[in-house]
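# Observations on the three-dimensional arrangement
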Amino acid sequence: MRTVQLILSLLFLQGFAMGQQQTITGKIVDVRQQPVANANIVVLSGGAGNKAIKGGIADTAGRFSINLKDTGLYIIKITAVGYAPYTSAPVKIDATVMRLPVIVLAINPQTNKAVVVQAKKKFIEIQADKTVLNIENSIVAVGNSAFELIKKAPAVTVDKDDNLKLKGGIANIYIDGKPFYLAGEQLVQYLKNLQADAISKIEIISNPSSKYDAAGQTGIINIRLRKNKQYGTNGSLAAGSGYGRYPKASTSLSLNHRNKSVNIFTDASLGYSESFNKLTYNSVIADGTATTYQDRSNYWHPKTTWSSFKAGMDYVPGKKIVVGILIKGNGDNELALTDNETTFSSAGTAKQNSIITAKRNDAINNSMSYNLNLKADLDSAGSELTFDADYIRFKRRAENTNANIFRDATGNNYRIPYTFRNQTPADIHIKTVKLDFTKVYNKEVKLEAGAKYSTVQNDNYLKVDSLDNAGQWAKDLSRTNTFLYTERIAAGYINFTRDWKRISLQMGLRAENTNYTGNSITLNQVRDSNYTNLFPSVFLTYRQNDRNTWNASYSRRINRPSYQSLNPFIDFIDPFTQFEGNPGLKPSFTQSLELKHSYNDFLYTTLSYSHTRAQSTNVIIQDKNTGAVRNITANVGNATYASLNVSASFQPLKWWSMDNNLSFSGGNSNSNYPGYAFNQNFFSIDIGNENTFQLPRKIKIQTSAYYSTPYRDGITRVRSSYIVSGGVQKSLWDGRASIRINYNNIIGPSAYRARYLGAGLNIKWINQWEGRRISLNFSYKFGSSAVKASRQRRSASQEERNRVNL
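No experiment lies behind these values; they were computed from the predicted model shown. (Residues numbered from 1 in each chain as written. Predicted model: local features only at pLDDT ≥ 70, side-chain atom pairs only at ≥ 80, totals over all residues. Heavy atoms only, no water.)

## As for the overall build of the chain
When its secondary structure is counted, the chain shows three helices and 51 strands. Looking at the chain as a whole, 50% of its 806 residues are labelled buried. Look at the contacts in the chain between residues 6 or more apart in sequence, and 66% of them connect residues 24 or more apart. Accessible surface, the chain: about 36,400 Å² in total, of which carbon and sulfur atoms supply 57%. (Helix = DSSP H or I, 4+ residues; strand = E, 2+ residues; numbered from the N terminus. Buried < 20%, exposed > 50% of the residue type's maximum accessible area, 1.4 Å probe, protein only. Contact = heavy atoms within 4.5 Å. Areas by Shrake-Rupley, 256 points an atom, 1.4 Å probe, with all protein chains shown as cover.)

## A word on the pattern of salt bridges
Summed over the entire model, instances satisfying the criterion amount to 21 salt bridges. Across the pair Lys 434 and Asp 436 runs a salt bridge, and its minimum N-O distance is 2.6 Å. The class for Lys 434 is buried, based on a relative accessible area of 10%. Glu 512 is the salt-bridge partner of Arg 560, the closest N and O atoms lying 2.6 Å from each other. Within this pair, whereas Arg 560 is found in the loop between strand S35 (548–559) and strand S36 (570–574), its partner Glu 512 is found in strand S33 (residues 503–520), the two being separated by 48 residues in sequence. Taken together, the shared-partner salt bridges in this structure form one network comprising Asp 213, Lys 452, Arg 510, Glu 512 and Arg 560. (Salt bridge = Lys/Arg side-chain N within 4 Å of Asp/Glu carboxyl O.)

## Brief notes about unusual backbone geometry
Phi is positive for Trp 733, which is not a glycine, with a value near 55°. You can see Trp 733 is positioned in the loop between strand S46 (721–732) and strand S47 (737–747). Unlike most non-glycine residues, Asn 745 shows phi in positive territory, near 60°.

## A look at the packing of aromatic side chains
Enumeration according to the criterion identifies 14 aromatic pairs in this entry. Between Tyr 485 and Tyr 516 the ring centres are 5.6 Å apart and the planes differ by 25°, which places this aromatic pair in the stacked class. Of this pair, Tyr 485 sits in strand S32 (residues 481–499) while Tyr 516 sits in strand S33, and the two are 31 residues apart along the sequence. Looking at Tyr 485, the relative accessible area reads 1%, which means it is buried. A relative accessible area of 7% places Tyr 516 in the buried class. (Phe/Tyr/Trp six-rings, centres within 6.5 Å; stacked < 30°, edge-to-face > 60°.)

## Some words on a positive patch on the surface
A cluster of basic side chains, namely Lys 54, Lys 69, Lys 443, Lys 501 and Arg 502, defines a positive patch on the protein surface. On the basis of relative accessible area, Arg 502 is assigned to the partly exposed category, the value being 44%. (Patch = residues over 30% accessible without salt bridge, like charges linked within 9 Å, V, L, I, M, F, W, Y side chains within 5 Å. Lys, Arg positive; Asp, Glu negative; His and termini not counted. Charge placed at Lys NZ, Arg CZ, Asp CG, Glu CD.)

## What to know about the environment of Leu 523
The topology assignment puts Leu 523 in the loop between S33 and strand S34 (525–543). With relative accessibility at 36%, the residue Leu 523 sits in the partly exposed group. The spatial distance from the C-alpha of Leu 523 to the C-alpha of Phe 569 is 7.7 Å, given a sequence separation of 46 residues. If near-sequence neighbours (up to four positions away) are discounted, Leu 523 is found in contact with Pro 568 and Phe 569.

## Re the side chain of Thr 304
For Thr 304, the location among the structural elements is in strand S24 (residues 291–318). One polar contact links Thr 304 to Glu 334, side chain to side chain, over a distance of 3.4 Å. (Polar contact = N/O pair within 3.5 Å; in protein donor to acceptor, adjacent residues only side chain to side chain.)

## Observations concerning the nonpolar core
Judged by nonpolar contacts, the single largest core of 24 residues is most densely connected at Ile 150, Leu 191, Ile 199, Ile 202, Ile 221 and Ile 223. Of all the secondary structure elements, the ones that give two or more residues to this core are helix H2 (146–150), strand S13 (164–166), strand S15 (172–175), helix H3 (184–193), strand S18 (199–205) and strand S19 (220–225). Excluding residues that lie within four positions of it along the chain, Ile 221 makes contacts with Ile 150, Val 156, Leu 166, Ala 171, Asn 172, Ile 173, Tyr 174, Ile 202, Glu 203 and Ile 204. In this structure, Ala 634, Val 718, Leu 761 and Ile 763 belong to the second largest nonpolar core, which totals 21 residues. (Core = buried A, V, L, I, M, F, W, Y, C linked by side-chain atoms within 4.5 Å.)

## Digging into the environment of Met 368
Inspection of the secondary structure assignment puts Met 368 in strand S26 (residues 351–377). Spatially, the C-alpha atoms of Met 368 and Lys 395 are 8.8 Å apart, while their sequence positions differ by 27 residues.

## Focus: the confidence of the model for the chain
Averaged over all residues, the pLDDT of the chain is 82; the fraction at 70 or higher stands at 84%. Low confidence marks residues 111–119, where pLDDT is under 50. Its contacts with residues over four positions away, or in another chain, come to eight contacts. Note that pLDDT drops below 50 for residues 798–806; the model gives that stretch 59 contacts with residues more than four away or on any other chain. (pLDDT = per-residue confidence, 0-100.)

See below:
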């Protein structure tokens, strides 16, 4: 890697030597010697008239670098919010690179008081490399969970199991730039517990660079949590409640102390939520001689108490070194009661028999993560070295009791009731280390390289007991299972960025080696695998003029199986539903192309294309004789996906702003899996609209509307969906406090409505949830309000955190 870095460096430095120019570099700090981020720098001629020559913006470390064509006398003028303007004496530039002394900005006395700066942000922003949902201060976000907010993003859909899908595939979820460690039902539960008042923004990154882990065939959904960016001692307090069919409540507290060398921060949240999920399942079972109808009504009622906390410290022992520690914890305690009735009838609708099921599930989930971060600035140009070490532990203890009564057409029991109990403890340990190096040669050239190593240990144990005729619990050895999984991933990457006047180019290559062992103790089956893959990426930006910018990108990515999906054992959910692991499951690979155009910072157009090889999906096989459904994850075939997205913002009146989004998507998906074969084209249209009304007396009203046409997803025909929501906000006490009321889903079905039509399958599926509700939220900020930019960092824990599926 050092050889590659040297060759690239020499080649591009030679290119710069052919066109000599003068470069001014410097660093801007305040009176506390802390960097001033995003300051505006203007270089003026030192002669008569002081004509503006060139400008720039300081980065988050307060550094800037500006290229000039000629030598001579120049004046440097700097402005920043909250600081007094700075104008230098004439500076003589007669060297190729001239480093200015550190520039100190004084606090503006007129802004030394507590100041609240309110900037207008669109709810949905389309940027060059990502789509951003600005959650903080959004009224329509109040009372919603992260799960519900992500569903509002362009091109994001939800399947029958509440999996969030991006560009046709299940998306990878990140928290603050770090892949999350849950998947499946546990991930959905976490996102439904994570409330809007804890979120700053949600980023949809469809084509990540080689610096990111290669996992995730459809890109990344990154949830940025709120951070305190203020000097002194300060904090915030929030409380909210809501009601749909059941009550909800949450509260949070954030504290922060920041001075010249230390930043100590902590926050905690606590909440209670009740909700419901009603599943209506109608299946037609034809065995060639007779037709049987299976109708299922399932009502799930969870009651969840959840909590989370975060505590950390950043310490600056010197001007060029920052040491940080971060501890995070999450937990939830859930009691879920489920009532289910499955009825079988003949073609003449005559009832044959039924199964009545009562299920009680008690689950406790806890996770702890620890991060150590070191960051060293190597020079004034922005070169740096960062090191991260992470340890994460996830612990789950769950027990569910499933009681089944079997009745005939007359209502009498036709067989002995069957009651079984599942205990599913699980422990997962993830350890990762990561080293990243960035070399900034000047404002036009940057080289990045890094390496990462991770280990995962996943211990799962399923204990099944059945109630015998004497009323005693007896261990069911045929269904009890122990599965041990270990994984090691070693990765390295190199990224090169070159910026010309109108063109920017970024090229990257990532290599990853995966080595895992899955050991089913119960079945005495051990499966090993070892594979290495390369993942290139290319990003090209062309700034045509002040109004038009073009972006093109390409990347190759991988979608590894979740840990639990490799477990070969069969897990029976009820007498007619089973999930089966697949030790032969292989990773799938996706190649993506994307072209973006932005016009005048208000009209954005994105054209995307992707092709996935050996896509994995949940295969549904129904027994024609019994009606029992078997679910297994398998590599079924290939898929292509294409989309066109158009986003535009308008301001019809001074007090009225509008954001609109229109998306067309389509493609083809095929499967050659026995009993689940298909070759299906699909097409859909999504329309979104957001309105913001700024009224007198610091009152703001927001409305949102969304509509999705019917579409196909493999063998699934999904019906249309639409949502209309609205809210109002009143700011109090000079912006330090606010009260918000939101009515979510005023109009529209809160349901996933679909029909599965395939070989031997004819299933109508309606999954209804508690979408319509009203929420009230109050927030208050206290303490110092002098703004200081927070330090962003990415921990070492990568995609392995995103594949835990319990």
